[in-house]
Amino acid sequence: MPALSGQADPIIYSVGMDTRSFGPIDRIFGQIDKAIKVLSAPARPSRPAPAAPQAEVLTEPQRTLSARLMRVNHSGEVAAQALYQGQALTAGDAAVSAAMRHAAAEENDHLAWCEARLSELGGRTSVLNPLWYLGSLAIGALAGALGNSASLGFVTETERQVELHLRGHMERLGSADPRSRAILEQMTHDEVQHGAHAASLGGRELPMPVAVAMRLTSRLMTLSSYWL
Ligand SMILES: [Fe+2]
Ligand SMILES: [Fe+2]
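Residues numbered from 1 in each chain as written. Chains lettered and ligands numbered in written order. Predicted model: local features only at pLDDT ≥ 70, side-chain atom pairs only at ≥ 80, totals over all residues. Heavy atoms only, no water.

### A few points about the side chain of S66
Structurally, the position occupied by S66 is in helix 2 (residues 60-90). Not counting residues within four places of it along the chain, the set of residues in contact with S66 comprises L58, L121, L173, D177 and S180. (Helix = DSSP H or I, 4+ residues; strand = E, 2+ residues; numbered from the N terminus. Contact = heavy atoms within 4.5 Å.)

Okay, here's the thing in structure tokens:
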């Protein structure tokens with residue numbers, strides 16, 4: 001995830017001997033570039049997938065179910081990239097920025113693992129991903145604009161809901177697909193850490209209606225990406 005330097009001082013990058021200052025227009029193009037990469041280029045993980053490739057022994061109905069569940073999880077990780085990116089656009093704080101960057105790098109691993117697993121299962125990514133990306137970018141930007149405690153609280157609540165969602169998917173997979181399950185287990189572990197870290201940095205509990213709205217939005221995404 002890009003630095004959470006939002007509207008603060010211009011970001012300075014060194015490219016060889018050339019030191020350049022990037023303004024708002026550069027940042028907009030940077031965001032567009034990031035969106036294109038998330039939506040159309042294969043994600044590159046920084047950690048190997050949690051389970052080594054193995055001969056598939058899935059029945060056809062099991063393979064279909066796994067592919068649908070992993071498509072939903074892939075969409076969730078596309079949304080996670082946009083949420084962090086949106087928060088980066090409008091928030092600013094060094095400690096928060098570092099925590100968000102660390103979490104975003106792990107989210108990118110999740111994105112890559114889900115994408116690779118989906119491909120192994122012969123599945124496809126959701127056609128609705130651009131919609132989830134744009135919506136999540138807007139929601140993230142709004143959360144970031146509300147200040148650090150709200151933004152961090154948003155991360156904590158999001159990760160709490162994602163954890164419950166992932167545990168539900170692991171139950172549905174059962175023991176039939178250990179490779180997908182291993183990916184979801186590592187993702188769950190990471191999401192719990194992200195949520196706890198955001199809470200430790202000062203994330204505040206979100207009002208109940210906001211948490212409920214987040215659950216409903218997530219439900220809509222889960223149901224539609226399962227089929228589409
Ligand atoms: Fe994730
Ligand atoms: Fe996370």
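Right, picking up where we left off after that structure.
### Brief notes about the packing of helix 3 (residues 94-120) against helix 5 (residues 148-173)
For the pair helix 3 and helix 5, interaxial distance at closest approach is 12 Å and the crossing angle is 25°. For the element pair helix 3 / helix 5, the angle class is roughly parallel. Seen along the crossing, helix 3 lies across helix 5 with a hand that is left-handed. Taking contact as the criterion, the partners of V96, M100 and E107 in helix 3 are, on helix 5, N148, S151, L152, V155 and E159. (Axes fitted to C-alpha atoms, helices over the stretch in contact; angles between N-to-C directions. Parallel < 35°, antiparallel > 145°, perpendicular 65-115°, else oblique. Left-handed = near helix turned anticlockwise from the far one by under 90°.)

### What about the coordination of the iron ion (ligand 1)?
Summarising the metal site, the iron ion (ligand 1) is bound by the protein donors E77 (OE), E77 (OE), E107 (OE), H110 (ND1) and E191 (OE), whose distances to it range over 2.0 to 2.5 Å. Read in sequence order, the donor residues coordinating the iron ion (ligand 1) give the pattern E-x29-E-x2-H-x80-E. A gap of 4.1 Å separates the iron ion (ligand 1) and the iron ion (ligand 2), which E107 links by coordinating each metal. Residue E107 is found in helix 3, and its partner E191 is found in helix 6 (residues 178-200); the two are separated by 84 residues along the sequence. Look at E107 and you get buried, because its relative accessible area is 2%. Relative accessible area serves as the criterion here: at 1%, E191 is assigned to the buried category. (Donors = N, O, S within 2.8 Å, 3.2 Å for Na, K, Ca; no water. Buried < 20%, exposed > 50% of the residue type's maximum accessible area, 1.4 Å probe, protein only.)

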